[in-house]
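Structure at a glance
So the chains spell out like this:
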Amino acid sequence: MAPPIYSALIISLGLGTTMTFASTHWYLAWMGIEINTLAIIPLMAQNHIPRAIEATTKYFFVQATASATLLFASISNAFLTGQWDITHTPYTLTSTLITLALAMKIGLAPLHSWMPEVMQGLNLLTGLILSTWQKLAPLYLIYQIQPNNPNIFIALGFLSIIVGGWGGFNQVQLRKILAYSSIAHLGWMILILSFSPPLALLTIIIYILMTFSLFSSFMLTRTTHINSLSTTWAKIPILTISTPLILLSLGGLPPLTGFMPKWMILQELTKQSLCPLATMAALSSLFSLYFYLRLSYAMTLTMPPNNPAGTLPWRLNPRHNTLPLALTTTSTICLLPMTPAIMSLMPF
């Protein structure tokens, strides 16, 4: 893809999300989401291979269905209330339709089945954009509508935690595992959104940091299959240490950064007298922890291959800038001691 076209598409991605963030009118917010969708489709199809084209086609049909549902629900809401204000959705039917349409856009369970298949057909960089940036605008709209009854958020969030953990059990393709990981983390965000929006924002920020670190590590080693993880030591030895720590942080193990949002979410659910829900969410996260541990085992404890002939790749000069990876990896591993400071700065 030519650099000017690539730059225009990246700018359009930013423009679409910014337009949605700045909108108070349903039609303008819908336009921003559509600009986002139309900008990422050429990025998904740039490899011109059958799997990428299939993934792009699936993504287009799912997003078109969700967009049509969102537009129908927002028009119905405007017809019933006489205004297009995003925050004014008093009717249960329209707010539920809007929530389900946005859930389909970001891949929340039970509207998640497109996400692993689409991720499998993309390269890692486009998968990173799909897992992080493309979630921001729909999540912002979900936060804006805030229905009076939080049960739909609780149901979507808890089901996503279970499906995200259970779906990654028998996967060997890293992109599918990352897709199920994204579904599980979105479940934690939606679960707490109606009770503590600042805590949901903190969860999103930490999720983006951890996901960026993991995708960057895999991009640096060009790894897309679980069996390829055992060769990381021969390419970039330091990643043999840092990547398992990133995976364990995604799993939410202390004393890593990923433990912070889960700990605070469980604490908030307990304050809301939802102890059974907090217990089930914590137990369901063990499913996700299993496949993170499986990846860590494949990377560190399996038998390494024989030493290749010639110069090892890690002795050569790297072709990629590793500073962003170093910064995000440090944040992914070492931010847990900052929890008291973060709690004092954010209005929980």
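In this report, the structure presented in the accompanying data block is examined. Since the model is a prediction, treat every value here as computed from it, not as a measurement.

Take empty space enclosed by the protein next. Overall, the coordinates contain five cavities of 30 Å³ or more when judged by the stated rule. Approximately 90 Å³ is the volume attributed to the largest cavity. What lines the largest cavity is simply I33, N36, T37, Y59, Q63, K105, W114, L130, Q134, K135, A137 and P138. Sorting the residues of the lining of the largest cavity by element identifies α2 (26-44), α3 (50-81) and α7 (133-145) as the ones contributing at least two each. If one sorts the elements of the lining of the largest cavity by residue count, α7 sits on top with four residues. Of the pockets and cavities examined, the second largest cavity occupies roughly 60 Å³. What lines the second largest cavity is H185, W188, T203, Y207, M210, G258, P261, K262 and I265. Listing elements by their share of the lining of the second largest cavity, those giving two or more residues are α9 (174-193), α10 (197-221) and α13 (259-271). Residues belonging to the lining of the second largest cavity are distributed by class as follows: five nonpolar, three polar and one charged.

Relative to each other, helix α6 (residues 124-131) and α7 sit at 15°, their axes nearing to 3 Å. In terms of orientation, α6 and α7 fall into the roughly parallel class. Here L128, I129, L130 and S131 of α6 come into contact with α7, specifically with W133, Q134 and K135. Partitioned by chemical class, the residues of the contact of α6 with α7 number four nonpolar, two polar and one charged.

Turning our eyes to something else, we now look at the nonpolar core. The biggest cluster of nonpolar side chains holds 86 residues, and the ones touching the most others in it are Y59, L70, V118, I190, L202 and L229. Counting residues per element, this core draws most heavily on α9, which supplies 13 residues. Two domains each put at least three residues into this core: domain 1 (1-148) and domain 2 (184-196 + 206-305 + 321-347). Leave out the neighbours within four places in its chain, and Y59 touches T37, I40, I41, M44, W114, V118, L130 and Q134.

What counts and how
- Residues numbered from 1 in each chain as written.
- Predicted model: local features only at pLDDT ≥ 70, side-chain atom pairs only at ≥ 80, totals over all residues.
- Heavy atoms only, no water.
- 1 Å grid on protein atoms, 1.4 Å probe; cavity = no way out; pocket = protein on both sides within 12 Å on 5 of 7 lines; lining within 4 Å.
- Points joined across faces, edges and corners; volume = space filled by probe spheres on them.
- Helix = DSSP H or I, 4+ residues; strand = E, 2+ residues; numbered from the N terminus.
- Nonpolar A, V, L, I, M, F, W, Y, C, P; charged D, E, K, R; others polar.
- Axes fitted to C-alpha atoms, helices over the stretch in contact; angles between N-to-C directions.
- Parallel < 35°, antiparallel > 145°, perpendicular 65-115°, else oblique.
- Contact = heavy atoms within 4.5 Å.
- Core = buried A, V, L, I, M, F, W, Y, C linked by side-chain atoms within 4.5 Å.
- Buried < 20%, exposed > 50% of the residue type's maximum accessible area, 1.4 Å probe, protein only.
- Domains from an automatic or database assignment.

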